[in-house]
Amino acid sequence: MPHGMIGQSDAFQASIRLIEKIGRWDAPVLIEGETGTGKELAARAIHYGGARHAGPFIPVNCGALPDALIENELFGHKGGAYTDARRDQLGLVAHAQNGTLFLDEVDTLSLKAQVTLLRFLQDQQYRQLGSGQMQSADVRLIAATNADLMALARAGTFRLDLLYRIRLLHLHLPPLRARDEDVVLLATHIVETCIARFGEQRRLSAATLEWLPRHDWPGNVRELENLICREYMLADGREIHITALTPAGSTDPEPRAAAPAPEPAASGRIGFREAKDQAVAAFERGYLRHALASAGGNVTHAARMVGKERRAFGKLLKKHGLAPDQPTG
């Protein structure tokens, strides 16, 4: 399988066949799919399966590109272009020369940044900041998103002309719930990867192997990988036992129970206000854990899913001691 992509389901095999076809054509590609479905793996497979395989593959998270510095990040600058520009600096486009520029989370680009990208894609000409000379680039663009770009275009937050430009070739990756027969195959591979990394022999229990395909996996392959790796490390013996996930959708198996709910005020052991505060805190924590798990640990995606600004969402995570780079249990 190309670049670590594993599966034998009909849906997966259809994607692989399309990836192989797309790889043969040197044209822009849009990869769509839910969080955790392997969009960057697919992009790498397209790159290394095509004529540009000897060139660089430059991945870029568009959500991390500062809007005010988009042209500087993409095209670079000449020394003296602005106060802190002490020497020449190449941009991401120049680093991707003769290769592929992979723009992940392309839906997060502002309208201003979209105009900048569209202008470049029209003729692959650009100018470094502080330079009066146009330069030519030779790069293939692959973009990826977990959003519905057509819906965003109708809402006026994504340019329709840019969508048509980047969607000349199109690949939609199926969610893991549409690949039932691949779940056990992937889980077994993840365990083998953990064994190679950590050296401890482990195996998935029969009950776990029976349960795995029944879960919906809202975080897709990334959720599966996080769960299997963590349970591998926390297993008490040679077998890894996972029988169910909590209703909140976190990657905590039910045997690792959450903290008990606060006692009701009617018990007489706790006041009404304190009981209410504890109940609200428990709700917030469970809700945040579910959002993070569904977004595969990606704070930006989780915030967007629940309709909160990323900074406010981050403050809630901090309040409840939930960091995206640590288990949410």
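Residues numbered from 1 in each chain as written. Predicted model: local features only at pLDDT ≥ 70, side-chain atom pairs only at ≥ 80, totals over all residues. Heavy atoms only, no water.

1. Notes on the overall build of the protein chain
Where we set the bar: Helix numbering and strand numbering both begin at the N terminus, where a helix is a DSSP run of H or I of at least 4 residues and a strand a DSSP run of E of at least 2. Remark: exposure states derive from per-residue accessible area (1.4 Å probe, protein chains only) relative to the maximum for the residue type, with buried under 20%, exposed over 50%, and partly exposed in between. Note on contacts: a residue pair qualifies if any of its non-hydrogen atoms lie within 4.5 Å across the two residues. Surface accessibility follows the Shrake-Rupley procedure with a 1.4 Å probe radius. Residue values consider only the protein chains on display as shielding.
Within the protein chain one finds 13 helices and 11 strands. Classification of the 329 residues of the protein chain by burial places 44% in the buried group. Within the protein chain, contacts between residues separated by at least 24 positions form 69% of all contacts whose residues are at least 6 apart in sequence. Counting every atom, the protein chain has about 17,200 Å² of accessible surface; 52% of that belongs to carbon and sulfur.

2. Let's talk about the nonpolar core
Put simply, the rule is: Note on terminology: a nonpolar core comprises buried Ala, Val, Leu, Ile, Met, Phe, Trp, Tyr and Cys residues joined through side-chain atoms within 4.5 Å.
If you look at the biggest cluster of nonpolar residues, it comprises 31 residues, and the most contacted ones within it are Val93, Leu101, Leu109, Phe120 and Ile166. Counting residues per element, the ones that place at least two in this core are strand 2 (57-61), helix 3 (70-75), helix 4 (92-95), strand 5 (100-104), helix 5 (111-123), strand 8 (140-145) and helix 7 (160-166). Not counting the four nearest positions on each side in its chain, Val93 is found in contact with Leu74, Phe75, Leu101, Phe120, Tyr126, Ala137 and Val139. Counting residues in each nonpolar core, the second largest holds 21 residues, with Val183, Leu212, Ile228 and Ala235 among its members.

3. Let's talk about the state of the cysteines
Formally: In this description, the term disulfide denotes a pair of cysteine sulfurs within 2.5 Å.
On inspection of all chains with the given rule, the structure shows zero disulfides. Among the cysteines around Cys194, which has no disulfide bond, Cys229 carries the closest sulfur, lying 3.4 Å off. Of the residues examined, Cys194 reaches a relative accessible area of 3% and is grouped as buried.

4. Points about helix 8 (residues 180-198)
Because each turn of an α-helix spans 3.6 residues, side chains separated by three or four positions in sequence point in the same direction. The line we're drawing: To estimate how far a helix should reach, multiply one less than its number of residues by 1.5 Å.
Taking 1.5 Å of rise per residue, the 19 residues of helix 8 would be expected to cover 27 Å, and the 28 Å separating its terminal C-alpha atoms lies within 8% of that figure. As for helix 8, its buried residues are in contact with helix 1 (10-23), strand 10 (203-204), helix 10 (220-234) and strand 11 (239-240). Where helix 8 terminates, the next one or two residues include Gly199, which has phi positive at roughly 85 degrees.

5. Focus: the packing of helix 8 against helix 10
For the record, the criterion: For helices, the axis comes from a line fit to the C-alpha atoms of the stretch in contact; other axes are also lines fit to C-alpha atoms, and the angle between any two N-to-C directions lies between 0 and 180 degrees. Angles below 35 degrees are treated as roughly parallel, those above 145 as roughly antiparallel, those between 65 and 115 as roughly perpendicular, and all remaining angles as oblique. Left-handed describes a crossing whose near helix is turned anticlockwise from the far helix by less than a right angle; the clockwise case is right-handed. Each residue gets one of three labels, nonpolar for Ala, Val, Leu, Ile, Met, Phe, Trp, Tyr, Cys and Pro, charged for Asp, Glu, Lys and Arg, and polar for the others, Gly among them.
Contact geometry for helix 8 and helix 10: axes closest at 9 Å, N-to-C directions at 45 degrees. Comparing the axis directions of helix 8 and helix 10 gives the class oblique. Taken as a pair, helix 8 and helix 10 cross one another with a handedness that is right-handed. Touching Val183, Leu186, Ala187, Ile190, Val191, Cys194, Ile195 and Phe198 of helix 8 are Val221, Leu224, Glu225, Ile228, Cys229, Tyr232 and Met233, all from helix 10. A class-by-class count of the residues in the contact of helix 8 with helix 10 yields 14 nonpolar, no polar and one charged.

6. Section: the side chain of Asn220
By the element assignment, Asn220 lies in helix 10. By relative accessible area, Asn220 is classed as buried at 0%. Residues contacting Asn220, with those up to four places away along its chain left out, are Glu34, Thr35, Gly36, Thr37, Pro175 and Leu176.

7. Some words on a nonpolar patch on the surface
Heads up, the rule is: Each patch groups residues whose relative accessible area exceeds 30% and which form no salt bridge, using 9 Å between like charges and 5 Å between nonpolar side chains of Val, Leu, Ile, Met, Phe, Trp and Tyr. One speaks of a salt bridge when a side-chain nitrogen belonging to Lys or Arg is within 4 Å of a carboxyl oxygen belonging to Asp or Glu.
On the surface, a cluster of nonpolar side chains totalling about 280 Å² of accessible area is made up of Phe198, Met233 and Leu234. Counting through the fold element by element, Leu234 comes out in helix 10. Leu234 sits in the partly exposed class, given a relative accessible area of 41%.

8. Examining the sheet that holds strand 9 (residues 169-172)
The condition is simple: Paired strands, as defined in this entry, are two strands with at least two bridges between them according to DSSP.
Taking strand neighbours across the sheet as the criterion, the five strands line up as 2-5-8-1-9 in an open arrangement whose pairing is parallel. What marks the edges here is a single partner per strand, and that holds for strand 2 and strand 9. Averaged over all adjacent pairs, the angle separating strand axes in this sheet is 20 degrees, with direction ignored. Of the strand pairs in this sheet, strand 5 and strand 8 are connected by four bridges, and their pairing is parallel. Each bridged residue has a counterpart across the sheet, and for Leu101 the counterpart in strand 8 is Leu141. The strands that helix 2 (residues 39-48) touches are strand 1 (29-32), strand 2, strand 5, strand 8 and strand 9; relative to strand 2, the one it contacts most, it runs at about 155 degrees.

9. Quick look at the pairing of strand 5
Taking burial as the measure, the five residues of strand 5 include five buried ones, the bulk of the element. Neither face of strand 5 is left uncovered, since the one carrying Thr100, Phe102 and Asp104 and the one carrying Leu101 and Leu103 both have all their residues buried. As judged from the five bridges shared by strand 2 and strand 5, these two strands associate in the parallel manner. Residue Asn61 lies in a different strand from strand 5, and its bridge partner there is Asp104.

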